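Listed below are the residues making up each chain.
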Amino acid sequence: MKIAVLTSGILPIPAVKGGAVENLIDFYLEYNERHRLHDITVYSVGDKLTAGHQALQSEVNHYRYIEIWSPWAKIRKRIYKWSHPQQQYFHYTIEYYLERALSDIARKNYDVVILENRPAYSLKVAGRTRARLVCHLHNDFLNADTPEALPIYNALSRVITVSDFIASRVRTLETGGGTKCVTVKNAINREAFTNPTADGPTRQDLGLLPTDFVLAYSGRINAEKGIAQLVQAMTLIKDARDVKLLVMGGSFFGDNVSDDPFISRLKQQAAQLEGRITFTGFVPYHRIPAYLRLADAAIIPSQWEEPFGLTCLEAMAAGRPIIASRRGGIPEVLHDEYAILLPAHGGDKEEDFVAQLASAILNLQHHPDICKRMGAAALAASLQYDKNQYAQQFFNALEPLKPHQ
C-alpha cells in the first residue's frame, strides 16, 4: 500500500529528540525497511539533527520535513494565524504543520493516511484525500467527552489503540455490535534494557551503598505520576535508612530540567530524609537502562489512568520487580508474578495508597528471594513486547484496508 503518516507536529522523525510515540513510529519504519511491505511517506517537523540520518537513505520510507522553528517559518505561522481567525482545534503551530502537510497529501494518491495520536486531524484530512484514515491512538483523546467526537470517529476507518483500556474509551462512541478498534500493544527495544551498552554511573557515583535497597522512578515529575505520594511513602519508612530512591526525569519531556514549584516542594520534603532520595534530573533515554540496572526494584505510582505505561516494559526488560498502581492500561501489562499492583486512591483515600505503597516497598526489601524470582519473571514476560513483534502486529492491523486489486 501507499501510506502517509501524519505525526504530532512537535517532535521529529527519526526520533532524534526522543518521544514515546516517535520511537514507536521508528520501530514500524525500521520493520518496513527490512521487509519492504509498503511505500510510506512520513510528514514530520524539520530538525537539523535529522540531517544525514541513515534512515533517510531508505527506498521504501520517505521523509517530508515541514519547517516550523526557523525565523521564516515563524513569520509564516503568524501569517497563517492571522489569516485563519476562526476557531482551530489545535494550537496554530500544529494547525500550520497540518495545513502544509495536507497541501502535499492532497496531490498524492495514498491508500491510507495514519494519524499518529491526533484523531482530530481527521476533521481536515477527510476533505483533502480519498485515502482511508487510521488513527494510531496512544492517549485517551477520543471518547464520548471529546469535542466533535462523532465527526472525528465517523471519518476514521480504523482506530489502532495501544491498550484495551484506550479501546474501551473509544467504544463509548460506538453503537451496535461493530467496532473500528484493534489493540496493538506498545513495545520497546528490549535488547537496550536487557543488555545495556551505554556507560552509566555506579552506585558509588550516586552516593549509594552496595547494601542499599534502591528503588527507581523514571518519568515526568508531575502530580499525575504519583511522585508526591512516593515521597510521602519514603517519609513513612524513614527508619528504613537503607531504602533509597532514584528519581529520574524533569517536569516535562526532553531536556527540561528546570525546577517548577511542584519539584521544589518535593525536594524540600526529600531533604528531610537526609540523602535517601536522589533527583538525577533529566537522563537521556539511551542511559536509562544503565540506571535501572543499579536498582533493586522499579516503582510506577501513577495517579491517573495511564494509557499503557512504557516504563513498565522498560523495568520488565531490565529484569526488575515492579510496584505500580492499578491504573488505566497498567494491569494489562503487569501481572502478579512480577509486580505488586496497588489500588490508586484519591481524595480522602490518598493516605491509604501511601501506606500501601510503603508496605509494598518494605515487603520487597525484606524478601530478596521474592525480588529475585519476580525479576526473572519480569524479564521472561518482556519477550512478548519486542519491537519487531509490535511492528508486525501493527501492519497486520492495516491489512483489511488494502485496496482490492
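Placed above this text is the structure.
Residues numbered from 1 in each chain as written. Predicted model: local features only at pLDDT ≥ 70, side-chain atom pairs only at ≥ 80, totals over all residues. Heavy atoms only, no water.

Take the overall build of the chain next. The helix and strand tally for the chain stands at 15 helices and 13 strands. Against the compact-globule benchmark of 22 Å for 405 residues, the chain has a radius of gyration of 22 Å, which places it among compact chains. In terms of its C-alpha atoms, the chain occupies a principal-axis envelope of roughly 65 × 50 × 45 Å. Out of the 405 residues in the chain, the part that is buried amounts to 53%. By sequence separation, contacts in the chain at least 24 residues apart represent 68% of the contacts at least 6 residues apart. Surface summary for the chain: the accessible area is close to 18500 Å², and the carbon and sulfur share equals 51%. The chain carries 44 positive and 43 negative side-chain charges, and their two centres are separated by 5 Å. (Helix = DSSP H or I, 4+ residues; strand = E, 2+ residues; numbered from the N terminus. Rg over C-alpha atoms; globule rule 2.2 N^0.38 Å. Buried < 20%, exposed > 50% of the residue type's maximum accessible area, 1.4 Å probe, protein only. Contact = heavy atoms within 4.5 Å. Areas by Shrake-Rupley, 256 points an atom, 1.4 Å probe, with all protein chains shown as cover. Lys, Arg positive; Asp, Glu negative; His and termini not counted. Charge placed at Lys NZ, Arg CZ, Asp CG, Glu CD.)

Among all positions in helix α9 (residues 261-271), only Phe262, Ile263, Leu266 and Ala270 are buried. Along the long axis of α9, the arc covered by the buried residues comes to 95°, so they all point the same way. With respect to the buried face of α9, the exposed residues turned more than 90 degrees away are Pro261, Gln268 and Ala271. Looking at the buried side of α9, the elements it contacts are α8 (227-236) and β10 (277-281). (Arc of directions from axis to C-beta.)

Read from one edge of the open sheet, seven strands run β3-β2-β1-β4-β5-β6-β7, paired in parallel fashion. Both outer strands of the open sheet, β3 (61-66) and β7 (181-183), are each paired with one neighbouring strand and no more. Across the sheet, the mean angle from the axis of one strand to that of its neighbour is 20°, orientation sign disregarded. In this structure, strand β5 (residues 132-137) lies alongside strand β6 (residues 158-161), joined through four bridges in parallel fashion. Paired with Val134 across the two strands is Arg158, which belongs to β6. Taken strand by strand, helix α15 (residues 387-398) contacts β1 (2-6), β2 (39-45), β4 (112-116), β5, β6 and β7, and its axis lies near 165° from that of β6. (Pairing = 2+ DSSP bridges. Axes fitted to C-alpha atoms, helices over the stretch in contact; angles between N-to-C directions.)

What follows covers empty space enclosed by the protein. If you walk through the whole model with that rule in mind, you get one cavity of 30 Å³ or more. By volume, the largest cavity amounts to about 60 Å³. Taken together, Ala216, Tyr217, Ser218, Leu292, Ala298, Ile299, Ile300, Thr311, Glu314 and Ala315 make up the full set of residues lining the largest cavity. Secondary structure elements with two or more residues in the lining of the largest cavity: β8 (213-218), β11 (297-300) and α11 (310-317). Taken together, the residues that form the lining of the largest cavity break down as seven nonpolar, two polar and one charged. (1 Å grid on protein atoms, 1.4 Å probe; cavity = no way out; pocket = protein on both sides within 12 Å on 5 of 7 lines; lining within 4 Å. Points joined across faces, edges and corners; volume = space filled by probe spheres on them. Nonpolar A, V, L, I, M, F, W, Y, C, P; charged D, E, K, R; others polar.)

The biggest cluster of nonpolar side chains holds 73 residues, and the ones touching the most others in it are Leu6, Val113, Met316 and Leu334. It is helix α3 (residues 92-105) that contributes the most residues to this core, seven residues altogether. By size, the runner-up hydrophobic cluster in this structure holds 35 residues, among which are Ala233, Val247, Ile323 and Leu364. (Core = buried A, V, L, I, M, F, W, Y, C linked by side-chain atoms within 4.5 Å.)

The relation between two aromatic rings is expressed through the spacing of the ring centres and the mutual angle of the planes. Evaluated as defined, the whole model comprises 13 aromatic pairs. Where Tyr43 meets Tyr110, the ring centres are 6.5 Å apart and the plane angle is 85°; that geometry is what we call edge-to-face. With Tyr43 in strand β2 and Tyr110 in the loop between α3 and β4, the pair connects residues that are 67 residues apart, well separated along the chain. On the basis of relative accessibility, which here comes to 6%, the residue Tyr110 falls in the buried class. (Phe/Tyr/Trp six-rings, centres within 6.5 Å; stacked < 30°, edge-to-face > 60°.)

Taking strand neighbours across the sheet as the criterion, the six strands line up as β10-β9-β8-β11-β12-β13 in an open arrangement whose pairing is parallel. The open sheet has two edge strands with one neighbour each: β10 and β13 (339-342). Each adjacent strand pair in this sheet contributes to an overall mean axis angle of 20°, direction not counted. α8 rests against β8, β9 (243-248), β10 and β11 of the sheet, and its axis sits at about 160° to β9.

In this section: the pattern of salt bridges. Side chains that differ in charge, positive against negative, can pair when their charged atoms come close. Per the stated rule, a full pass over the model turns up 17 salt bridges. A salt bridge links Glu332 to Lys185, with the shortest nitrogen-to-oxygen separation between them at 3.7 Å. One end of the pair, Glu332, is in helix α12 (residues 330-333); the other, Lys185, is in the loop between β7 and α7 (190-194), and 147 residues separate them in sequence. By relative accessible area, which is 23% here, Lys185 ends up partly exposed. (Salt bridge = Lys/Arg side-chain N within 4 Å of Asp/Glu carboxyl O.)

This next bit is on unusual backbone geometry. Excluding glycine, residues mostly have negative phi values, and the peptide bonds linking residues are mostly trans. Residues Ile13 and Pro14 are joined by a peptide bond in cis, for which omega reads -5°. Relative to the assigned elements, Pro14 resides in the loop between β1 and α1 (20-35). Of note, Arg36 is a non-glycine position whose phi angle comes to about 50°, a positive value. Inspection of the secondary structure puts Arg36 in the loop between α1 and β2. A relative accessible area of 44% means that Arg36 is categorised as partly exposed. One non-glycine residue with positive phi stands out, namely Asn117, at about 65°. Along the chain, the position of Asn117 falls in the loop between β4 and α4 (122-125). For Asn117, a relative accessible area of 10% translates into the label buried.

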